Amino acid sequence: SVKTINDYAFSSCYSLTHITMLSITTIGNDSFAGCSSLRQLIIPSSVTSIGNSAFCGCRSLIKITIPSTVTSIGYCAFDSCSSLQQITIPPSISILKAATFRNCSSLSQITIPSSVIEIEYSVFEKCLLLTEMRIPNSVKSIGENAFKDCISLAKIYLNSNADLRKIGIESFTE
């Protein structure tokens, strides 16, 4: 059976609306990028890796649950998923890579697990409906532009015993 969806396998399949993956372990780079009609996506618990820009530009996706078996989410993986409202990041993730959720303009709810130690640059840039963010104590670094242009971000929760050592340039700038 198929274990890997290779790079660009379904890229720009504009009419693709649903995907059911069975026994897949790896979702390659740009594998579903530009699938603008993709509305429903179930990532099975067999998946361990989501590649760079894997779902970039999937404008019709509303909700995604990433299973706890996923240990790596590539940069720009969900960039410009403009209908995405909610996402659950599993506790198996330690680094939120660059621009992972950039331009997810409908994203209003996200939970960062305490396993995350680094939020790279532009991860949540232009998440226009994000109203609050809880930064777990485990986070040591927030990259440049991480929350830039999150114009609805009114509350940021950071515990006084957090291990945060660096906040990058324009991380919270509008």
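Look above for the structure.
Throughout what follows, the structure given in this document is the object of discussion. Every residue gets a number counted from 1 within its own chain, in the order that chain's sequence is written. In keeping with the model being predicted, local features are shown solely for residues with a pLDDT of at least 70 and side-chain atom pairs are shown and tallied solely at 80 or more, while totals for entire chains, interfaces and linings include all residues. Side-chain measures were taken over the full set of non-hydrogen atoms in the model, leaving aside hydrogen atoms and water.

## Concerning the overall build of the protein chain
For helices the rule is a DSSP run of H or I covering at least 4 residues; for strands it is a run of E covering at least 2, with both sets numbered from the N terminus onward. Each helix and strand counted, the protein chain has 0 helices and 15 strands in total. As a reference, a globule follows 2.2 Å times the number of residues to the power 0.38, and the radius of gyration itself is taken over C-alpha atoms. Since a compact globule built from 174 residues should have a radius of gyration of about 16 Å, the 15 Å found for the protein chain is in line with a globular shape. Projected onto its principal axes, the C-alpha coordinates of the protein chain cover approximately 50 × 25 × 20 Å. For the protein chain, the share of sequence-separated contacts (at least 6 apart) that also reach a separation of at least 24 residues comes to 25%. To be clear on the numbers: accessible area is Shrake-Rupley with a 1.4 Å probe, and residue cover counts the displayed protein chains and nothing else. Accessible surface for the protein chain amounts to roughly 8200 Å². Of this, 49% is attributable to carbon and sulfur atoms. Note on definitions: a residue-residue contact is assigned when non-hydrogen atoms from the two residues lie within 4.5 Å.

## What about the sheet that holds strand β8 (residues 86-88)?
Taken in spatial order, the 3 strands line up as β6-β8-β10 in an open sheet, and their pairing is parallel. Across the chains shown, the open sheet's two edge strands, defined by having one partner strand only, are β6 (63-65) and β10 (109-111). Adjacent strand axes in the sheet meet at a mean angle of 5°, parallel and antiparallel pairs treated alike. Relative to β8, β6 runs parallel, the two being bridged by 3 bridges. Bridging from a neighbouring strand, Ile64 pairs with Ile87 of β8. Two strands qualify as a pair provided DSSP detects at least 2 bridges between them. Throughout, an axis means a line fitted to C-alpha atoms (over the contacting stretch in the case of helices), and angles, computed between N-to-C directions, take values from 0 to 180 degrees.

## Let's talk about the pattern of salt bridges
Whenever Lys or Arg places a side-chain nitrogen within 4 Å of a carboxyl oxygen from Asp or Glu, that contact is recorded as a salt bridge. Summed over the entire model, instances satisfying the criterion amount to 4 salt bridges. Between Asp79 and Arg102 there is a salt bridge, with its nearest N and O atoms 2.6 Å apart. Placement of the pair is Asp79 in the loop between β7 (72-73) and β8 and Arg102 in the loop between β9 (95-96) and β10, with a sequence separation of 23 residues. According to the relative accessible area criterion, Asp79 is buried, its value standing at 4%. Here Arg165 ties to Asp163 by a salt bridge, and the two come within 3.2 Å at their closest N and O atoms. A relative accessible area of 63% means that Arg165 is categorised as exposed. The network of salt bridges with shared partners includes Lys140, Asp163 and Arg165. Per-residue accessibility, obtained with a 1.4 Å probe over protein chains only, is compared with the maximum for each type, and a residue is labelled buried under 20%, exposed over 50%, and partly exposed between these values.

## Overview of a nonpolar patch on the surface
Patch definition: residues above 30% relative accessible area lacking any salt bridge, with like charges linked at up to 9 Å and the nonpolar side chains Val, Leu, Ile, Met, Phe, Trp and Tyr linked at up to 5 Å. Together, Leu128, Leu129 and Ile151 make up an exposed nonpolar region whose accessible area comes to about 250 Å². Within the element layout of this structure, Leu128 appears in the loop between β11 (118-119) and β12 (132-135). Judged by its relative accessible area of 31%, Leu128 is partly exposed.

## Examining the nonpolar core
Residues belong to a common nonpolar core when they are buried Ala, Val, Leu, Ile, Met, Phe, Trp, Tyr or Cys residues joined through side-chain atoms within 4.5 Å. Core analysis: the largest hydrophobic core is formed by 47 residues, its most contacted members being Ile50, Phe78, Ile119 and Phe124. Residues in contact with Phe78, not counting those within four places in the same chain, are Ile50, Phe55, Ile64, Ile66, Ile73, Ile87, Thr100, Phe101, Arg102 and Cys104.

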